[in-house]
Amino acid sequence: MLTFVVFLICAASSVSASAKGELMSAAAGPRLNNNQLYKFSYTTEVLVDRARGSKEGSAGYKISSDVNVNLVWRDQSNKDDQLIQLAISNLRIEPVSPRSEKKNILRGSTTESILGKNKLAALTKPFLVHLKNGKAKAFYSYRSEPATVKNLKRGLASLLQVQLSTGKVVENDVSGRCTVEYKAVKGQVTRTKNLETCKTEETGFTTHSKVLGVSRKSSSVTVFTLENGFIRSAEAEETHSLAVNARRSVAAKVMSRQNLKLVGTEAGPLEAAGKDAAAVVKSIDAKLAAVGIVAEKVKSECKGCPSLFEHWQAEKKQLEPESLSKTRAPRSFLALIQTIRKASKEEILKVLRSASKTSLPQVVDAVTSSQTSESLDAMLEFLNFTDAKGLVLQERFLYACGFASHPNERMLQALLDISKGKIGSTDIKESVVIIMGALVNKLCQKGGCNLPTVEQVKKMILNGPDSTTVESEVQMYLLALKNSLLPEAIPIFTKYAESEVGAYSTIALTALQRYDVNLMTSEVKQTVNRVYHQNRRIYEKNVRAAAADVILSSNPTYMEVKNLLLSIGNLPHEMNKYMLSKIQDILRFQMPASKVLGQAMKDMISCNYNRFAKVGSSSAFSGFMAQSPDLTSTYSLDILYSGSGILRRSNMNIFGATNEAMLHGLQVAIEAQGLETLIAATPDEGEEDLESFAGMSALLFDIQLRPVTFFKGYSDLMSKMFSMTGDPMNVVKGLILLSDHSEVIQLQSGLKASAEFQGGLAIDISGGMEISLWYRESKTSVNNRAALVVTGNVTVDMDFLRAGVEVSFDTEASLDFITTVQFSEYPFLVCLQMDKSTFPVSEYLTKYESLPSGKSVVSRKGRKTLVPGSEFPLHQENSNMCKRVFDSNW
C-alpha cells in the first residue's frame, strides 16, 4: 500500500513538472527553426481613388518580390528572443490593375529603370530584425540607404510582428507607436490597429472649424495564418478615407494591401554564436545600424517644377479684380498658396514687389494665408504700417490673419508688435486689436491659452475697455473680446450691457449671444432682463431688441418668457411688432425656446388678441437656404424700424450646421439713428438726442470685422445725401482660405500618402443706403458675391513613381438683400427682398500616375449642374407689402 502511494505522488510530481515545462516554453510570437531558410512571396500595393472607387479604376501600383527569411541568432535562455535576416529579390513593379498600353506608364520599363540602379541595389541588400516575444525590438539596416528604401523594408519587417495570444497592447511598427488588439483563434491571429492612436514625428494641421474641416476614417486589419509555430501567410489591408464635412461627395481614399505567403523551405545557414543580438549584428556587418522600426521622414523634391515667380507669372491674370467673381480666381489662389509654402522670403518679396497695383491685394491674401514663417516675415517687411495710404493692403493682411486656418503664437506676436508701434491709420489700429481677439480664440481652441503671447494679449484686451474713455477705442476692445470668446470677458460684457452708450450695449449683448448657454449665469440673465425691461434706465430700441435675442437664445425660464410676452403692448409701435414677429418666428421654426414659449402662451393674460394684433412693419423671419445630409444652411432676417418709418436696424444672418458643429457663416448688420429730423418726425422714447449715424458691421465665418461707417453727424449726413449715388460701399473683398487640411499618412507597407484638402473663397460683400426726401423713400442693400473652390488631393510619391487622385467642386453665386421703405404715409410701406441668382455647381475627379522621367497618364471626369435662382420666402405680410410698393412705383 505504501509503495502504491509513493508511486502516485511521484507520478503527480512528474505530470506537474511536465505541465510547467510546457507552460514555460509556450511561444509568445513566431519562432524560426535553426538551419532553415523560409521562402516567401511578397506583394504590396497601393490604390488611390474617390471614396467609392473600385480597384479596376484606381490609380496606383504594385510591388512584388521574393523574400528569404532565416534565423541568425537566438538567446538560449529565451527561445522568443531571435535575430532574423530578411532578403528581398526578384523585385517587380506593375500597375495596380490591368491597363491598356496607352494608359500604362510602366510599359517597356524594367525595375532597374524605374528604381534606379542604386535604389534597386539597396532594396535587395539583406537587413535584420530583432524579435523578442513577437515584438520588433530593433531594426537593422544601412544608414546611407535612401529613406524610401528603409521604409519599404520596415513595412515588410512589421509583418513579422505578431502576438499569439488575445489581448490589447501598445507596440511600435512602421506606422508609429500604436494601440493594437490581437485576437487568436485556432492557428489564426487577427491584428486590428487603432490608427487614431498612432504617434509619429510627422504632424499636419487642419482647419479649426469642424463645419469647414475634413474628417478621416481609417482602418487597419492584418490576418496571420500560423503553422508549426511560424507564419504561413499574412494579409494586411489598410484604408484611409478623407471627406470634406460640408460636402462629403468631395472625398478620396488611399488603400494599402500587403500579402506575405510561405511558398517553401529549404536548408539554411546555422545560427551565429554571440551573447546578444547587437554583438552578432556587428560581427555580420559593422555598417549595419539600429535605425528604428518607425518610418522616417521622406524629403520629396519636385523636379522640373516652376519657381514661385514663374508660377505667379502664369497665374497673375486670374487674380485681377475683374476675375474675383469667377472660380478661376480661388483656384489660382489655392495653387499659389501651395507654391508659396515652399518658397523663401526673398522669392515671396520678389512677387510682392512685381505685382500690379490691382492684383497686389490678392497676392497679399495668398502670401498671408500661406502661414509659413517665411511668408509672415515677407509681409512684415513689405508692409509699412506707419503709412496711412497703405490701408487696403494692411487690412487685407489683417483679415487674412483673422481667417488663418492654423495660426501660431508668432503670428499673434507680430500683430501685438504692430499694435505697440506707430500706426498711420486709426482704422488699421482698430483692425489689429479686433483680429488679435480672433487669434486668441483660435489658439485657445488648440490648447494654447497659456502661451506667453496669448496671456499678454488676453490681459491687454480684458483691461482695454476700462483703460480709455475714447468711444472708438472702447468699441475696439469690446469687439476684440467678442472675437476672443474668453469666459473671463463675460463679466465685462455684462457690465457694458447696461452702458449709457448704445453702441457699447449692442456690442456687449451680441457678444453674450455667441457664448455657450451653460456660461449664462443667473447674474448675466438678470442684467439682460433689466436692459430689456428698462428697470434702471431707458434704452434705445435696438439695444432692447438685442437683449431680447439674448434672453430667447439662452434657455429662458417660464417667467422670463412670460414677462417678455407681457411687455408686448407697452413697447413703442415698431418694437411691439418686432417682438411679435420674433416670437412667431421662434414657434414656426421650432427653435430651442419654442417649447417654453408654447407653455407661456397658454396663459390668456400674456397671450391674447390685444397683444398679438399689433400693427407695424418691423419683422423677424428665419428659413432654410439649403438642406442636405451633410450640411444644413439657414438664414434669418431681422428688421427694426423707428416709429417714423426709417430703418433702425437690419440684421441678416447665415448659419451652416453639420451633425457635429455650427458655423456663423455671415452676419451683415446695418444700423441707422438720428434721421428723424430729415422728415420732421418725432424720435422714439430714449432716442431724442442721438447723433445722425448710419453704418454697417460684418461678421464672416465667426470672425467679427471692423465696422464701416456710412456717415456720422448731421453735416456729414447732408454732404453725403446730396452726393449719394446709391452705389454700394465695400465691406469685405478678397480671397479667403476657407478650409485647410494637410497630413502625411504613414501606411503599414512603408509607403507614405500625403493628403491636402483646401477651400478657397473669393468674396465681395458690399452695402449701401439711399434716401430720397422728394419721394419720401429709402433703400438699403446688402450685396454678396462669391466664388468657391474646394479641392482634395491624395498622393503617394515614392520618388521613383507617383500616383494620386484629386477631387474638387466649385461654384459661383450671388445673394442680394434689398429693403425698400416708403414713409409718405403711416403705416409706411416696407418691402424686403432676398434673392439668389441661378448658379452652377461643378464636380471633378482627376487621377494621375507619373514617372520622374516626365512620362505620365491623367484621366479627368466632371459633371456640372445648375441650381435655379429664387427669391427666398419671407412672411406673407411682406409679400403683400411688396405688391403695394411696386404697384405704387409703377
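The sections below set out a description of the structure shown in this document. Please read all numbers here as calculations on a predicted model, not as lab measurements.

The next thing to look at is a positive patch on the surface. On the surface, a cluster of positive charge is contributed by Arg 50, Arg 52, Lys 102, Lys 103 and Lys 861. Assignment of secondary structure puts Lys 103 in the loop between strand S3 (78-95) and helix H2 (111-115). Here Lys 103 falls in the partly exposed class, since its relative accessible area comes to 47%.

Our next topic: the state of the cysteines. Evaluated as defined, the whole model comprises three disulfides. Paired by a disulfide, Cys 178 and Cys 198 hold their sulfur atoms 2.0 Å apart. Between Cys 178 and Cys 198 the sulfur-sulfur dihedral comes to about 115°; the bridge is accordingly right-handed. One end of the pair, Cys 178, is in strand S7 (residues 176-185); the other, Cys 198, is in strand S8 (residues 188-199), with 20 residues separating them in the sequence.

Formed by 230 residues in total, the largest nonpolar core has its most connected members in Leu 352, Phe 397, Leu 415 and Val 794. The element best represented in this core is helix H13 (residues 426-445), accounting for 11 residues. In contact with Leu 415, other than residues within four places in its own chain, are Phe 397, Leu 398, Cys 401, Val 432, Ile 435, Met 436 and Leu 439. Formed by 11 residues, the second largest nonpolar core is a distinct cluster that contains Val 72, Leu 128, Val 280 and Val 281.

Next up on the list: the pairing of strand S1 (residues 36-50). With 15 bridges connecting them, S1 and strand S11 (residues 247-267) associate as antiparallel partners. The partner of Gln 36 across the bridge, within S11, is Ala 267. Here S1 runs beside strand S2 (residues 59-75); their pairing, made up of 12 bridges, is antiparallel. When the bridges of S2 are listed, Phe 40 appears paired with Val 67.

Once that is clear, we can look at empty space enclosed by the protein. For the structure shown, the criterion picks out seven cavities of 30 Å³ or more. In this structure, the largest cavity spans a volume of roughly 90 Å³. Lining the largest cavity are 13 residues, with His 208, Leu 212, Phe 403, Phe 701 and Leu 738 positioned closest to its centre. The biggest single contributor to the lining of the largest cavity is strand S20 (residues 729-746), with three residues. Residues that form the lining of the largest cavity fall into these classes: nine nonpolar, three polar and one charged.

This part takes up the packing of aromatic side chains. In total, this model carries eight aromatic pairs according to the counting rule given. Look at Tyr 38 and Phe 230: their rings are 4.6 Å apart centre to centre, the planes differ by 45°, and that puts the pair in the tilted class. One end of the pair, Tyr 38, is in strand S1; the other, Phe 230, is in strand S10 (residues 230-244), and 192 residues separate them in sequence. Accessibility classification places Tyr 38 together with Phe 230 in one group, the buried group. Every member of this aromatic cluster is reached through a ring pair, and the members are Tyr 38, Phe 40 and Phe 230. One residue, Lys 350, lies across the ring of Phe 309, its end atom 4.4 Å from the ring centre. One cation-aromatic arrangement involves Arg 544 over Tyr 532; the distance from NZ or CZ to the ring centre is 5.3 Å.

Between helix H18 (residues 522-533) and helix H20 (residues 558-567), the least distance of the axes is 11 Å, while the angle of their chain directions is 10°. Here H18 is positioned roughly parallel relative to H20, judged by the angle of their axes. The residues of H20 that touch H18, namely those facing Lys 525, Asn 529, Tyr 532 and His 533, are Glu 560, Asn 563, Leu 564 and Ser 567. Considering only residue class, the contact of H18 with H20 consists of two nonpolar, four polar and two charged.

Parameters and conventions
- Residues numbered from 1 in each chain as written.
- Predicted model: local features only at pLDDT ≥ 70, side-chain atom pairs only at ≥ 80, totals over all residues.
- Heavy atoms only, no water.
- Patch = residues over 30% accessible without salt bridge, like charges linked within 9 Å, V, L, I, M, F, W, Y side chains within 5 Å.
- Areas by Shrake-Rupley, 256 points an atom, 1.4 Å probe, with all protein chains shown as cover.
- Salt bridge = Lys/Arg side-chain N within 4 Å of Asp/Glu carboxyl O.
- Lys, Arg positive; Asp, Glu negative; His and termini not counted.
- Charge placed at Lys NZ, Arg CZ, Asp CG, Glu CD.
- Helix = DSSP H or I, 4+ residues; strand = E, 2+ residues; numbered from the N terminus.
- Buried < 20%, exposed > 50% of the residue type's maximum accessible area, 1.4 Å probe, protein only.
- Disulfide = S-S within 2.5 Å.
- Core = buried A, V, L, I, M, F, W, Y, C linked by side-chain atoms within 4.5 Å.
- Contact = heavy atoms within 4.5 Å.
- Pairing = 2+ DSSP bridges.
- 1 Å grid on protein atoms, 1.4 Å probe; cavity = no way out; pocket = protein on both sides within 12 Å on 5 of 7 lines; lining within 4 Å.
- Points joined across faces, edges and corners; volume = space filled by probe spheres on them.
- Nonpolar A, V, L, I, M, F, W, Y, C, P; charged D, E, K, R; others polar.
- Phe/Tyr/Trp six-rings, centres within 6.5 Å; stacked < 30°, edge-to-face > 60°.
- Lys NZ or Arg CZ within 6 Å of the ring centre and 35° of its normal.
- Axes fitted to C-alpha atoms, helices over the stretch in contact; angles between N-to-C directions.
- Parallel < 35°, antiparallel > 145°, perpendicular 65-115°, else oblique.

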